[in-house]
Every structure is written in C-alpha cells, then in structure tokens.
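Residue-level structural notes
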Amino acid sequence: MPICKREGFDLNEGAGRNDTFHDNDLVFCCYITKRIFRDYEDYFRHVMVINSTVWQCEATGKDNLTYEEALKSERAARKKMEQFKPALRAPVLMVVEHARQSAKQTLNLLVAKFLRKRYFIGEEVSVVGRKKTLYTVQSINPDKKVTEPANGIYEETEELEYRLRPIKDGAVAEITVPFSQIRRQRLEFNMENLNMFVKNHVTRVDGILRPKPEAYKQYVTGPGVTFSSIFIGKMPRYSPSKIKKPEPKDAKKQSTLNKFIVPDEESAAKSKAKAKADAKSLAEEMERIRVEKLERLRLEKLARFEERERERAAKRAQLVERVESECDLLLQKSDDLERTDQRMLPLYRQVVTLLPDSMLGDAFMIREFMHTYQGLLSGIDVFRNNLSFYEMTRALHAREVAGPLSDILMVLLGTIFDLQKEEEEECNFSYLKGWRGTPPVEPYLSMFQAARCHDFAKRHFSFKINQLPIDALTLTEVLRLHLLSSGANVTEKAERWRIMYRNGYTSRGDPGLELRMRQGRILRMLKNHPIYKLKFADIIAIIQCLMAQILTYSGTINLIEERMEEMMTAKHEIRALMSQENKRLAALEVSKKKLTQRMQPLINTAEPDGKQALVDEMDKGIAELNTQSDHDHRAHLRQLNELNSRLFNFLVYLGTDRCYRKYYVLESMPGIFVEHSPDIQDTCLEKPPLNRPPSEIKQIEKMPRNRRDLQRYLQKLYVEEEKKSRPNTKQSQENKENQEHRVNGTVEPMEVATEADPPEAAPTQFDLMMCSGDKRNCIVHDPKNSQRQRWSYICQEDEIDALLQGLNPQGFRESELHEQLSSLRSLIVEHVKSCPTTVLDLSNATSKRKFQVAMHAETHRRYDQANMGLPEGTDLNDVMRIHLTDRLIQFERNIFTGDLGRLKVKDMEKWRDDLLAGRYDPQAKLQWGPREDDVANGSEEKESHEDVEEEDDDDKSGASVGKNGKNLFVDPGMHVNIAGQEPGEDIETDEEPIPDLESAPEEVHNLASALLQIEQAIGKRFFKEPYGMKKWDPTKESQRLIRERRLQLWEQSLMEATSYSQVFLHLNILDDCIQWTKSTNKSMCSVCRRGGDADKMLLCDECNAGTHMFCMKPKMRTVPEGDWYCKECVASLGLKNQKKDKKAAKKKRKFIVEEEDEQEDDVEPGEEDQEAEEGAEEEDDGEDAKSVVSSTSSARSLGKVNQRASDSTRKSKRLRSKEIEAAAQEDTDSESETSTSDCSCINFKANLLHSEEKVCEKCFYDGSEVRCGKCQLYYHLECVNLKRMPRTEFVCKQCKTTETQRPRRRHSHMNGDDDDDDKDEPQSKRSRSSRNLLSLSLDKSNGPSNNNNNSSTHNNNNHRRSGRRTNESLPLNSAALYELLEQVMKHQAAWPFLRPVLPSEVPDYHDIIKNPMDLAKIKSKLNMGQYQLNEELLNDIQLVFRNCDRYNVEGNEIYDAGCQLERFVIDRCRDMQLPFRPSGLNLVC
C-alpha cells in the first residue's frame, strides 16, 4: 500500500467498517480506495484527504505522488521484481550474506558485477548464433590452460567453459561453449529489477545489510543450495565495510583560572600532602610490579595449559578426522566391484525349459507384454487365461501354421491396425510420394518406399493395409506389407499431430523402419516363405518390432500415464496411511498415560482390600486399549497390503547385483527371475581389490549403520587402543617380571590353556561373484564362462532372506536392489509361493516328458488342427499348398452351387481332379491385368490411386507385365537393401538356412491361375464394393469401367504372387467382395431378413434376392409365371413382371420342397452379410455360410430333381419357373400320389413339432391344455372355443378339414382346379435341392476334408420351423421386435446392459451369473435367426433383468438403471401387445 508522508494519517481507519448496508440505502463510494460511506461529509472529507495528501511508493521509495500514482508505481515495481530470473535469486542472497556491506549502492554494484561474470548450474541461457534454442547449464569446467587456484576461488571467470544441454526435443546433443558465447535474456537481469529484488529481500541488521530470514530460507537453505552446487570453486571474499557507530556526547565542563592564581598559605599544606601522596604512590608502584610478576607467572602457566589443550585438541581433531574417514569408508557407497567387504550370494535355481536360454528372456517379455496390456490388445480373447507358458513354449518351439505363434502375431498386428484406425479418425492422414525437400539418403529413401507401399495396397487391393483380412494363412503377406509401409512420409499436419499426441513420435523413429534398414533380409524372406519357417531369432525380432510400434501410439501412452498416476496416488495414500497409524499409536500412548495418571492416585490412597480391585480395573482398561489397538493395526495392515498390491501390479525391475545380474519380478510368471546377460559393457579391472578376511567382515557387520552411532563406536574403540598403547607403572612392573623368565638370552614360552579356533577359509573371487582381473576366466566379464547361468529363479522365502543378507548395502547397484527388495519383500514372498517350478526345471527326462504331456493337454483342444489335419513334421509349404487347393475347390463349388457363376472350361470334373492331383490344366488361354485398350483410352480409375508414377530404371527392371496389360506392378519389397546387414543371432544352430528365392514356385503360380479362373467365372453383378457397384446398373458405364479396372489390377497382383500367403490374401479379398447373400444357398428374405421357410420364398431372376410370399403386400398365394423380379430390380433396372395367366395357373402343380438346413458349422470367417440395397446390416457369427448343405424334400420332388440333375448338361443353371411348369405337365399322372401324401406330411411335421414344449398351434404360446388325437398338436381351450376339457378324444379343425376334403383335393388336381389353394400356403417358385444334391455328391467325392456335417436334428428343426410358418399371423414379429430392441438400447438407462460383462472389469461376475445375457447378444441372435417365437426373445430380455437383480444390491446405480429400464420395457410391450413377463427386479423397485 502507498505510504502517507503525513504522520498520524491512517488510510484504513476503522470508522464505518462494521456498518451494515441494505439494498435501498443511499451510499457514497470512493473508487480510488474502494470505500463506502453513509454520510456525505465523511465521504467528502475522505476524498479531500486522499487528493490533498502527498504519497510515497512503498516499493521504490518515490515520493511526491498521488494515491493512484503510488499504486501504479507499486504494481510496475512488483512486475519488474517478478521478472527477475529465479535462477539468480539464490546467488544474489548468498553474495549479500558474504559481502556484509552497509551501503545499498555499493552492495548492488558488487552483486551486479558478480552476476555478470558468472552463469550458474541449472540456469537457462542462450548461445550466440543459436538464439532460437534455449540451453540449461549442466556443469562448469575450467579451461585446460587454466590452473586451479590455491584458495579455490576462480576470479577470472571469463576463462571457464560451460557444458550446456538443449531444452527442446529433437535438438542436438550437449555442447561445451566458452563464457563469451553465452547470453542471458535482457528482461531477466538488469540493474532495475536487481535493485528491486535487493530492496525487497534485504534488511539492515546492526548497520549491516543482510538477507531477510524468510527469503534466505526460501531460496537458499530450504532447497539446500550451496555455492558448490551452482558454481565451481568457492565463494569470493569481500572486505566488509566499517560500521559507523554514533559518537557519544562529550559533556565538557568550562575550564577555570585557578592555575593562574598566586599560591598562599594553603600551598604549604598542599605540598606536604603531595609528598605524602608521592610516597603512597611509590608503595603502590611496588605493589603493582609484584602483582604484574604474579600475573606474568600465571599467564605463563596458562600458556602452557593452553598449549597442552591445543595438543589435545589436535589429537581430538586427528581422532575425529580418522573417525570421519573410517565412517566414509564404511558408509560411503562405491562401485560394487571395488568393495572389499563383500559377502557370498546364495546359489539360485537354473531355469531349464524346452526353449534355449537365449530365447527365454524374449519369451518372458512377450508374455509380460500381453499380460500388462491385456485391455488394449485386440483379439486377446483367443487365449483363455491370457498367453500361458505352455502356449508360449509351443509358439517358439513347434513349426505350425495355425498354432499359438500365428495367434500372437495376429493379436499384435490387429492391435496396431485398430490403433491406426483410431488415429485416422482423429487426424486425416495422407502419405507423401515426393521427397519434400529431404535428401535422397537413408532413412528418407526407405520412408519414400514405405509411402509407395501404401499406394501399392490401395492400387492392387483397393483397400488400405490395415483393412486387409488377417488369418493364419494371410498373416505373412499382410505382415510383410505392414513392415514395408512402416515409417512412411506423412503430411506436415499429420506429423505435428503425432509429435503432440504420440509423445514426440516421428516417422523416422518407427521401429518397423529400423527393422527394414537393419534386417532387410527378413522382409526378403517373407516374400517367398511363410513367417513360420523363419528362424526363431527373426520371428522374435518381428514380434519385438510390433510391440515397440504398439508402445508408440497414444492409447498405450495414455495407459502408461494412467498407471503411473495410479502408482503415485497409491504412494500418497501409503504415506497418509502411515501418518495416520503413527498418530493412532501416539493417541494410544496418551490414553494409557491418562488412564495410569487417573488410577494411580486412587490406588495409592486406597485401602489394602480395595487396592487390588483398582489395579485389576486399570489393567483391564489397558488391555481393552491394546485389544482395540491390535484390531486397528490389523485393519491398517490390510489397507497397506492393498495399496502395496496396487504398486506391485505390474512388471517390477528390482535392480542389478555386483556382477551385473538383473533381477525381475514378473506379473505373468510368479517368482524372482535373475538374468546374467552376456552383453556387458564393462571391462575387467586391472588390479581388482582383495576382499577382507571373514572375521573382519563379521566385525564390520556388528558395527552400527547409523553415522552418529558409528562415530561414537569408533571413538570409543580408538580411545581404548590409545590407552593400551600408553605405558604405565603397572605395565613396567609386568615387564620386569617377564625378565625373570629369560634363560641364557632366550625367552621361555608361557603355557596357555586356551584352544585357538581354526581360521575360516576366505572365499575366492569366483565364489564372491567378483572380477578376477583375467577376462578369460572371469565370472563377471567372460560371457562364455561355463559356470554362468543365463537364467535362474528364486521361489522360496529363505532364498529371498539369504539374498538380502548377501547384498552389500554400500554398493551402488546392490544398495538399490537391497532397498527395492526390502520394501516389497512381503508382497514378493506372497507372489513367489505360486511359482510353477514344474515348468521351470526340466533338467531330467522325466520332468521334460511330463511337461510335454501337460503342454499337449493344455493346447491340444485349440491347436489340434494347427497344420490343417496333416501329420506333424509336414513341410509348411506343403501344408499351405494342400489347404489352398481345398479352399479353391470349395470356393469354386460355392460359386457354382450358389448360381453365382460357372468356370469356362470344357470338363469341370477334370479341372477339379487335376487341381487336386497337382497337375493343373487351365483348359483355356488365361488373360489378366489391365487391357491395353483401356490404358490407351484413359479409363484408369481416378479415385483408387492408380496414377502410377514414373519409376526409376530399377523399378522398370523389376516390374511385371500381364498378358494383356501394361507395366503397372512393382513389388514394394524389391527396394529393400540387404547389403552390409549382418544376420541376426542364430538361436537354433541345427536349423537349415532358408533359401532366398527370387521367383515364384510353379505350384504357387498354378494355384494363382486357378483362382484367376474362378474370379473370371463370377458374374459381375455379384461383386460388392470396391469390385462391384453398390447397386448393379449395367447402364452406368463409367462406374463399371472403374470396378473392372480395380479387378484387373487385383488379377495382375495375383499372377505376380510368389508365396502361398499372397494367394490366400487375394482369395480372402475376393471372398469378402462377393455378395454371398445373393447365392441360392443362402437366400434371405429382403423384408423380414430371415432365411427360413425356403418353400415359401421367391428368388429374383436378376439378382437372386429372396422374398417370402407371405411377406409381400399383398401376400402372394401362387407362384407367378415366367421370370419374377424383386422390387429393387423393377425400380432400378426397369424390369417388369409378367401378369398371371389364369389358364396356365390351372395346369400348374406345386413342388413341395422342404426348408434348407441353415447350419453354419462349415462356414469361413470374415464374410459380412450385408444387403447394400436395403441399407440393413446383419451381424455375422464369425463364419461365412457359404458351404453347401443338402436339404430334405418330399420323395416326389427328390426323385424328379435327381433325374433332372443327372440328365441335364447345364448343371449350373437354376430351376426357373418355366421348368417347374414343364415338370408339372410331365408329372400329371402322379398327382394322386402327391395329394394322398399331404396328410402324411402334416402328421410327419406334427410329430416333430412341440416335442418338448406344449406350444399352442393357434397363438404359439406355451401352457396348452388339450392335444389333438391325430396330429398331436397342442391348443389352448380358449383358442379352440372350448370352455372345459373335452370328455372324449379331441380332434382339431385342421384334421377334420383334411378328412372331409381329401377326395375333393384329388378330384381338383386332376381337373387342374386350384380352389384349395386358398387354405394352403403356396410352395416355392424355385427349388434349391438340385444344387444341394450336386454339392452333396461333390463333397462325397472329395473325401473327409470336405465332408458335410448335416444331421437329422437340424433337419427336424427346419421341419418344425416350417410347420409353424403356415399360419398367416407369424409367431415371430420381427419388425416389432427390432423396433422394441432399438428403443430399449437407446434408452438412457440401458448403458450397463449394452455389452457383455468382461471378467477384467468384474472378476466374480461369471462365478455368480451362470447364464449371462446382454442386449447386443439378443440383437445378434435375432439377426442370425435364432429366435422362433416372440416369447424366446422376451425371455432373454427378462434374463438380463434377472441377472441384474441377482448380482447387484438394491440402491446400486446399475440396480436402479435396471429397474428403470424394465419399467420402460413393460410399457412398450404393453403398447405393442407383446407378452413380456416382468422379473422380480421391478417388483422390488
């Protein structure tokens, strides 16, 4: 605040400050001082005083200011003082303290001169010529030419050199610059802000300017700053200024004139007195001399005493120095290999597994990575309990195609692809094809080629690399493309985004780019060989690269930061918990003391009879306090263990011992694992120190470890030694007595009755795990020493204690290991109890055989077909070739039997047999790739990255040309440079080297040609995006050419395939781009999205889309004549359906074709059943229902279709409606058989229907009371208009109608009358049994590898569903159920029930809830057609709420959400007239 020059003026006077003001009061406000007055006179007086008074700035001391000017001056001064550099504040205060000046101006000049000549450690400075980069001073070193001053004070600071470290990431390394090249910011240090800082932080004490105590504590003593910690040498010395003390007031008296007066009689008397006084003074002088002599003697004696004291002080100083040096030697830490007080470490158990020692650490690392980032990895659920050690061993031990190794790689690669997609959603990424100003050298050449790899995938596959299908067979090629594309150049915006959100990540630092440049031979081998044939060292290098890439993404970084925050939170909670426990113990002692103080006087004054009762009462009170304290202590220990477990829930690196062995505690594998790695950078010592004797070490162990206690111990020890060495009279007497034992000049030995213990043998350097100085025989530095154990483990508590006892707490490495192990001892001991010693010690044949049996039992269920059913030891290329052949045969069958196309060969059976036998014969001339005329006409696709750039000469030489195409194919891996690269570590020395093939094997080319033929046989209208149009329209020529262009580039890439994995990749891409929903084997209704009721489904003659006749509006009763087209084809293509001919309709007969079996056991993964025209998506259950299955039909239709399938030359053509009419005309003689078999068909269906539950045939709800005696169908009493149970056998209306109309139906068929069609549902227009029978015959010819898995149970279920669909009112109201699910899932209380409960989130959920259910699973089951009744879906919804009620507690957030959501379901079902039965959850709520 400003200071008033007028004495007695108080600006903050207390008048009116406690007044209470109301909203309607009239007040006067002074905005300068922010005060409110009720009275105007007070306000006027205050304003006049403010304006008429002269003020002074408190900070700068400026006077003659107004109040506002003083405030402004103070703000400006405070701002300047804040700009003073923080790194200079501590040196300023230290100089002020040492200078001891009295003048402020002199002090400011000294401080300014001191700061201008020095820069301090930790200060941010700039360098001349590099002003844009800030540096931090790391250390200060004198120039080599400058000698160290004797007094330790560096006066010539201009000759010092400063070592600086850049602050920004990406800058150059540390630099060393002279004093003249360093600068400070001008605003951070100038005389003005220095004067302000000194003025505000310095005070005058006894005339000397000294720092204020609070400021000195804040900047110097508090942080522990010393001059040696911020600058080299000692603090300069300054001559202190003289303190000017005020002169005392001299009270001088006025002189008199007595000495000028003439003496008189009185002078004689005075002379006598003077003589007497002189005699007295002489006596006093003599006395003074005597006293001085005595004083001189006393001083001499005192000087001798002080001399003795100085000698004693010198001895004490020597003793203290000796004690301090010994304490430093015993307590000061040093390198472990230079210590002389080492103790022996315990021997550990060696890890012996099926894996080599060099691979064991990588195996542990992979398991720990997948365990740590389990929630981040995609597809980790393939491993039931995460990656087990058995699966890890099998992955790195066995050569398999679809084994655990493929799952590990797919999990890691899939995670990277998911992270890339998340990154692309957050930032629009595009890759640069040019150099962007970078020189054409590594790594920029590889980055440029990586960007071209992305273009390659987009050009030839029409997909991004992270969108390619991944399985065990395509993994090699997808992984190769990913590694080749790693580190691609991106735009500047994307690069800035990566630096910001991926912790400074750039394309140059991509681990995949580093793998490409250092181990390019791996990528070369992946071009021709599957990854499973590579050396395990190369496979591990790829896995490490993938894991390193995962760690660079923002999701992983955020997860690590969250864990670090959790760890810091746990540490803070532990400190708070320990503080609370200490307070509790202190409160306990206080309570005991109060109880004792209260009871002790009563006990002392009590009578003898009552004293014992009071003592017992006091003891009882103390016992109760101790009991409560024990209970609280146990609770404290539980909380402490929980917090420590949170700290321990990750990989813990404990530290390193004296011989550089590393100690780990793994979360995935209980135990302490010790690694003695061969890659040690240290070298053998020239003169390794010898260890002390064991007795001396034991004596050192007994010494206290506290420095103060150790000092006292050593002082006492050295004083006793000095006393023993000092001679005394008693010792001299003993010496005289000893002279009597001399005889003839010799000494007779004295008899001693003590027995000396044999000296303990000193351990060798090898036993101590210390350096021996000989590199050829050193356990520490010789990696080939036979006694070294690469991996060992500790699994018992006594072994941990022995390790703690053997570690040296004064060694640099072992002290940290000892501290870490001691703090986590209780958790580690509990952790290692479950160490699986049976899998870590396979040193004998029995344990190895048991491990192999256990590994087979653990992994056999999942990986039984790891080599596709082929015997173990089969070459992996043969495995992939045989499986690829089977896949191609099956793929061609699905195309043919699904009426999607037909091979253009003369003999299809011969083509298949030749392909299976390995003698491929195309039977035609193959053509592929972009056509020359298309290229000339400029029909290249503009949107699919097909603008091929001009290649270098190398590119042209390595490119390939199709049969009809242009040079467009350039393999992205041809530019990988392997010159100068050293091969990786050979882990298995018995492995044969893999040949590096430059050309594709003939078998690969043949199978690629076969796939090319199959692709060219598929109708173009059956392709999806990007190879087909979203809606097939032949009139859109430009879109058709673009799609054909994409397919031609796919063909060109296929014919350049050099490995089976590449062919598999092309096959899967093609498989995913086929509209399998248009296959006749998987026809689904476009209205209800169901695939059942095949006998009531019409197939479009243009697009194969199916539609139930009962789903049409209006419902279709009879099969239309001729070709029939769906609504979409009619609307988009302009097709027309023929009108019904009544005469022809009379002559028609019905083909009864039973429903196709919809089992999906032999389906393949990856297909998405999606109708692009409808815009509706269906969830796939993980496999493609493309496999052809046979369906049952009536005996009449089976015989006829078999005859047509065997006699027809065009086996691939579908049965059109005209062929059905022709067949009906040919079979008019057998109509009577068909009519008579109708009743038997009904009875057959009825026997299959309701075999387990009493479901009413009318309303399709259970709980029926009556049953028909003929058809065995159930009904409710009210559904058949009965009031009570009938006394006789009940016959339903349908059976009665069948009996009465049987002759009439026979007569009507004979006359071609179809009046009875009004009561019976029409049969299907098109039969699919011919295709199914053909597929069945093909499957049987192929043998067990392509067998059919149909069973009678599935057929019965299909009959049962077909029987339920005969009524007009469907039992499954799909539209209403979809609407209900959509509304329920969008409800605000549905969030806990939208997805399954994960065991990682709620570990005990599946122990309590045996039948979990969620809304997503219900919707999936509805999409897949697993519900037959409305009640089945509603029961699953009810199960969701029952599980919620069973697991959660009333009042819980999820419990309340379940109550709210169930009430909403009840209301919606009531409105939709759906029979939903509430659970007990809503009743409780």
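About the cut-offs
Residues numbered from 1 in each chain as written. Predicted model: local features only at pLDDT ≥ 70, side-chain atom pairs only at ≥ 80, totals over all residues. Heavy atoms only, no water. Helix = DSSP H or I, 4+ residues; strand = E, 2+ residues; numbered from the N terminus. Buried < 20%, exposed > 50% of the residue type's maximum accessible area, 1.4 Å probe, protein only. Contact = heavy atoms within 4.5 Å. Pairing = 2+ DSSP bridges. 1 Å grid on protein atoms, 1.4 Å probe; cavity = no way out; pocket = protein on both sides within 12 Å on 5 of 7 lines; lining within 4 Å. Points joined across faces, edges and corners; volume = space filled by probe spheres on them. Expected span 1.5 Å × (residues − 1). Polar contact = N/O pair within 3.5 Å; in protein donor to acceptor, adjacent residues only side chain to side chain. Axes fitted to C-alpha atoms, helices over the stretch in contact; angles between N-to-C directions. Parallel < 35°, antiparallel > 145°, perpendicular 65-115°, else oblique. Left-handed = near helix turned anticlockwise from the far one by under 90°. Nonpolar A, V, L, I, M, F, W, Y, C, P; charged D, E, K, R; others polar. Phe/Tyr/Trp six-rings, centres within 6.5 Å; stacked < 30°, edge-to-face > 60°. Lys NZ or Arg CZ within 6 Å of the ring centre and 35° of its normal. Core = buried A, V, L, I, M, F, W, Y, C linked by side-chain atoms within 4.5 Å. pLDDT = per-residue confidence, 0-100. Salt bridge = Lys/Arg side-chain N within 4 Å of Asp/Glu carboxyl O.

Things to note about the overall build of the protein
The secondary structure content of the protein amounts to 48 helices and 24 strands. By residue count, 44% of the 1485 residues in the protein fall in the buried class. By sequence separation, contacts in the protein at least 24 residues apart represent 71% of the contacts at least 6 residues apart.

Here we look at the sheet that holds strand 5 (residues 124-127)
Read across the sheet, 5 strands follow the order 8-7-6-5-9 without closing on themselves; strand pairing throughout is antiparallel. Because the sheet does not close on itself, it has two edges, and the strands there are strand 8 (175-178) and strand 9 (182-183). Sheet topology note: the strand 7 (residues 160-166)/strand 8 ladder contains 4 bridges and is antiparallel. Paired with arginine 163 across the strands is threonine 176, a residue of strand 8.

Focus on empty space enclosed by the protein
Tallying each qualifying case throughout the model produces 16 cavities of 30 Å³ or more. One number sums up the size of the largest cavity: a volume of about 230 Å³. Lining the largest cavity are 22 residues, with Gln420, Tyr431, Arg498, Asp510 and Tyr553 positioned closest to its centre. For the lining of the largest cavity, the secondary-structure elements that each account for two or more residues are helix 11 (404-426) and helix 13 (475-485).

Points about helix 33 (residues 1037-1055)
Between the first and last C-alpha of helix 33 there are 27 Å, a value that for 19 residues agrees with the 27 Å anticipated at 1.5 Å per step. For helix 33, the complete set of buried residues consists of Arg1043, Arg1045, Arg1046, Leu1047, Gln1048, Leu1049, Trp1050, Glu1051, Gln1052, Ser1053, Leu1054 and Met1055.

Topic: the side chain of glutamine 1062
Considering the arrangement of structural elements, one finds glutamine 1062 in helix 34 (residues 1060-1072). Among the polar contacts made by the side chain of glutamine 1062, one reaches the main-chain carbonyl oxygen of lysine 527 at a distance of 3.4 Å. Excluding anything up to four places from it in sequence, glutamine 1062 contacts Glu477, Arg480, Lys527, Glu1056 and Ala1057.

Remarks on unusual backbone geometry
In this structure, the amide linkage connecting glutamate 442 to the following residue, proline 443, adopts the cis form with an omega of 5 degrees. Looking at the element boundaries, proline 443 is found in the loop between helix 11 and helix 12 (444-460). For the bond running from glutamate 1025 to proline 1026, omega is 5 degrees, close enough to zero to count as cis. For methionine 868, which is not a glycine, the phi torsion comes out positive at approximately 60 degrees. Inspection of the secondary structure assignment puts methionine 868 in the loop between helix 27 (845-863) and helix 28 (876-897). Take methionine 868: its relative accessible area is 27%, and that puts it in the partly exposed class.

Some remarks on the packing of helix 43 (residues 1374-1385) against helix 46 (residues 1430-1447)
Viewed as axis vectors pointing N to C, helix 43 and helix 46 meet at an angle of 15 degrees, and their least axial separation amounts to 11 Å. Put simply, helix 43 runs roughly parallel to helix 46. The element helix 43 and its partner helix 46 pack so that their crossing is right-handed. Counting all contacts with helix 43, which are made through Leu1377, Leu1380 and Leu1381, the residues of helix 46 involved are Asn1430, Leu1433, Leu1434 and Ile1437. Here the residues of the contact of helix 43 with helix 46 sort into 6 nonpolar, 1 polar and no charged.

Quick notes on the packing of aromatic side chains
If you walk through the whole model with that rule in mind, you get 31 aromatic pairs. Each ring, one from phenylalanine 84 and one from phenylalanine 197, has its centre 5.0 Å from the other, and the planes form 20 degrees; the classification is stacked. Placement of phenylalanine 84 in the loop between helix 2 (67-83) and helix 3 (89-99) and of phenylalanine 197 in helix 5 (residues 191-201) is noted, with a sequence separation of 113 residues between them. On the accessibility criterion, phenylalanine 84 (0% relative accessible area) is buried. Judged by relative accessible area, which is 1%, phenylalanine 197 ranks as buried. Relative to phenylalanine 1441, the ring of phenylalanine 1393 lies with its centre 6.3 Å away and its plane at 70 degrees, an arrangement referred to as edge-to-face. Within this pair, whereas phenylalanine 1393 is found in the loop between helix 43 and helix 44 (1405-1408), its partner phenylalanine 1441 is found in helix 46, the two being separated by 48 residues in sequence. Judged by relative accessible area, phenylalanine 1393 falls into the buried class, the value being 7%. Judged by relative accessible area, phenylalanine 1441 falls into the buried class, the value being 1%. Members of the aromatic cluster, joined through ring pairs, are Phe364, Phe389, Tyr390, Tyr653, Tyr664, Phe673, Trp791, Tyr793 and Phe851. Seen from the ring of phenylalanine 536, arginine 399 lies directly overhead, with NZ or CZ sitting 4.2 Å from the centre.

Regarding the nonpolar core
Considering soluble globular proteins, one finds that nonpolar side chains tend to be buried as a cluster. Formed by 107 residues in total, the largest nonpolar core has its most connected members in Met370, Ile408, Ile542 and Phe891. Tallying contributions element by element places helix 17 (residues 536-550) first for this core, with 10 residues. Those residues within four positions of methionine 370 in sequence are excluded, and the remaining contacts are Leu377, Ile380, Phe383, Asn386, Leu387, Ile408 and Val411. The next biggest cluster of nonpolar side chains, apart from the first, holds 44 residues, and it includes Phe120, Leu160, Leu209 and Val225.

Concerning helix 45 (residues 1415-1423)
Every buried residue of helix 45 is accounted for by Leu1415, Ile1418, Ser1420, Lys1421, Leu1422 and Asn1423. Elements that come into contact with the buried residues of helix 45 comprise helix 43 and helix 46.

Section: the confidence of the model for the protein
One rule of thumb: low pLDDT means the predicted coordinates there are not for detailed reading. Per-residue pLDDT for the protein has a mean of 76; in total, 75% of the residues score no lower than 70. Across residues 736-757, where pLDDT falls below 50, the model places 6 contacts with residues more than four positions away in sequence or in other chains. In this model, residues 1141-1252 is a region of pLDDT below 50 whose contacts with residues beyond four sequence positions or in other chains number 247 contacts.

Structural notes on the pattern of salt bridges
Throughout the structure, instances matching the rule amount to 53 salt bridges. In this structure, lysine 527 and aspartate 971 form a salt bridge, with 3.9 Å as the shortest nitrogen-oxygen distance. Of this pair, lysine 527 sits in the loop between helix 16 (520-526) and helix 17 while aspartate 971 sits in the loop between helix 31 (953-958) and helix 32 (1002-1017); the two residues are 444 residues apart in sequence, bridging distant segments of the chain. What makes aspartate 971 buried here is its relative accessible area of 8%. One salt bridge in this structure joins arginine 1043 and glutamate 1025, with 2.5 Å as the shortest N-O distance. Separated by 18 residues along the polypeptide, arginine 1043 in helix 33 and glutamate 1025 in the loop between helix 32 and helix 33 bring together distant segments of the chain. Here arginine 1043 falls in the buried class, since its relative accessible area comes to 10%. The partly exposed category is assigned to glutamate 1025, whose relative accessible area is 37%. Sharing partners across several salt bridges, the network here consists of Glu477, Arg480, Lys527 and Asp971.

Re the sheet that holds strand 13 (residues 652-656)
The strands that make up a sheet pair up through hydrogen bonds in the backbone, lying either parallel or antiparallel. With respect to topology, 5 strands assemble into an open sheet ordered 12-18-15-14-13, the strand pairing being antiparallel. For this open sheet the edge positions go to strand 12 (349-350) and strand 13, each flanked by a neighbour on one side alone. Relative to strand 14 (residues 662-665), strand 13 runs antiparallel, the two being bridged by 4 bridges. Bridging from a neighbouring strand, tyrosine 653 pairs with tyrosine 664 of strand 14. The sheet contacts of helix 23 (residues 797-806) involve strand 12, strand 14, strand 15 (672-675) and strand 18 (791-794), and relative to strand 18 the element is tilted by about 110 degrees. Here helix 24 (residues 812-823) sits on the sheet in contact with strand 13, strand 14 and strand 15, set at roughly 145 degrees to strand 13.

What about the pairing of strand 15?
Burial along strand 15 is two-sided: Ile672 and Val674 facing one way and Phe673 and Glu675 facing the other are all buried. Strand direction decides the pairing type here: strand 14 and strand 15, joined by 4 bridges, are antiparallel. Residue tyrosine 663 lies in a different strand from strand 15, and its bridge partner there is valine 674. Where strand 15 and strand 18 come together, 4 bridges link them in antiparallel fashion. Each bridged residue has a counterpart across the sheet, and for valine 674 the counterpart in strand 18 is serine 792.

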